[in-house]
Amino acid sequence: MKAELLFKSKDVTGEGVLWLPRSEKVLWVDIESGYLHEYAIYKEQYFCHKLPDMISSIMVVDKEEQEVLLTMKDRIIRYHLENKSFSLLKQFDFIKPGYRMNDAKMSPEGRIWFGVMHMTNQKGTGYLCCLNPDLSVSKVLVNQNIPNGMVWNATGDKMYYADSGRGCIEEYLYDKQQGTIVLNGVSVNVPAELGVPDGMTMGKDGQLWVAHWGGSGVYVWNPMSGKLIDKVEVPVPNVASCTFGGKNKDTLFITTARSGLSDAEMEQYPLSGSLFCI
C-alpha cells in the first residue's frame, strides 16, 4: 500500500489528526507552530487557526463539531472552530517548565488520557495521566519516556499505549467504571530498524495501525500475536499520527514531520510535514 499526498504543508511536527464526520473535515496540528489545520477534503477548502502556544492533540466535544478540545503545553482549552474563541478547561500546575503535553485521547466513556514528556531529557521523565469528568487528575504511569498513541478496542475493555522512547506498545486491561488500567503485557516490540511507534489508531478488524517515526510508513500490527501484518508506505521518514475517516470511514489520514531532518534529508524528502491519505 502507498499513501498519496492530500495536502502539502510544511509542519515541523504534524500531529493529532482527527476526522469530523458531520462536517467532512480533517483536523490536525503542527505542534511547535501552534497551528490547527482545518481541511474540508471534498470541497478542498482549507483554513489555518493560529493558537498562542504549542498544540499537541485534538478531541471533539460536541455532536455539532463546532467545539474541540486542544491540549497545549500545560493545559487543555475549549476552542470554537466558527468564532475562533477559546476558554480554559483545565490548567495543570504539575507540568513544570521544560515539559509539555504530548498525545491525548478521549476514552469511550469520556475520560481524557494524556502523556507528558520532557522536551530534551526523555529517559524515564515522562508520565501518563488521566483527567476525569469531574476534572480531577491522576498520574497513572510514571518513569515513561515519550507517552504516545492511546487507543481502545471495540468493547472498550482494553487500552493500547505506545512509549516511543521504549519502542513498544503495551496492552492494558481497562475498567470503564473506575478509569483504571492494569498491564496485560507487551503487544508489540518494534524493531529499531522500523523506527519508533508514535500515534496510532485501531482498524475495524482490531489491528493496530501505527505511525512510525523514522520508519517511513504506517505499520499494521496484530496486537494479539505482535506480528507485522502490513505497511502503508509514506514517502517521508517521520510519520507521526493516523486515523480513519472519509465518507465510508475507510480512508486513512496520515500526518508527517520535518522535525529532526537535515537539510540534505529535506531535499530528499520535500513532502515532509504534509498530510497524506490512502
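Residues numbered from 1 in each chain as written. Predicted model: local features only at pLDDT ≥ 70, side-chain atom pairs only at ≥ 80, totals over all residues. Heavy atoms only, no water.

*Asks:* Requested: an account of unusual backbone geometry, with residues and values cited.
*Replies:* A positive phi angle, near 65°, is found at E65, a position not held by glycine. Although it is not a glycine, S216 sits at a positive phi angle of roughly 55°. Relative to the assigned elements, S216 resides in the loop between β19 (208-213) and β20 (217-221). With a relative accessible area of 22%, S216 lands in the partly exposed category. (Helix = DSSP H or I, 4+ residues; strand = E, 2+ residues; numbered from the N terminus. Buried < 20%, exposed > 50% of the residue type's maximum accessible area, 1.4 Å probe, protein only.)

*Asks:* Which residues make up the layout of surface pockets, and what values do they have?
*Replies:* Taken as a whole, the largest pocket encloses approximately 1,100 Å³ of empty space. Forming the boundary of the largest pocket are 41 residues, of which L18, K105, T201, T243 and F244 lie nearest the centre. Of all elements in the fold, only β2 (14-20), β6 (57-60), β10 (99-106), β14 (147-152), β18 (196-202) and β22 (239-245) reach the threshold of two or more residues within the lining of the largest pocket. Looking at the second largest pocket, it is lined by 18 residues, and the ones nearest its centre are R100, M117, I146, D198 and W213. (1 Å grid on protein atoms, 1.4 Å probe; cavity = no way out; pocket = protein on both sides within 12 Å on 5 of 7 lines; lining within 4 Å. Points joined across faces, edges and corners; volume = space filled by probe spheres on them.)

*Asks:* Break down the pairing of β10 for me, citing the residues and quoting the values.
*Replies:* Where burial is concerned, most of β10 is hidden: six out of the eight residues are buried. Taking the residues that link successive antiparallel strands as the turn, the β10-strand β11 (residues 112-118) hairpin has five residues, and the phi of G110 there is positive, at about 105°. (Pairing = 2+ DSSP bridges.)

*Asks:* Would you mind going over the packing of aromatic side chains in detail, with residue names and values included?
*Replies:* In this structure the tally under the stated criterion is 12 aromatic pairs. An angle of 35° between the planes, with centres 6.3 Å apart, marks the rings of Y99 and Y127 as tilted. Residue Y99 is located in strand β10, and its partner Y127 is located in strand β12 (residues 126-131); the two are separated by 28 residues in the primary sequence. Summarising the burial analysis for this pair, Y99 and Y127 share the class buried. In textbook terms, an aromatic cluster arises when at least three aromatic residues are bridged by ring pairs, as seen for F92, F94, Y99, F114 and Y127. Note that K84 overlies the ring of F47, its terminal NZ or CZ placed 4.9 Å from the centroid. (Phe/Tyr/Trp six-rings, centres within 6.5 Å; stacked < 30°, edge-to-face > 60°. Lys NZ or Arg CZ within 6 Å of the ring centre and 35° of its normal.)

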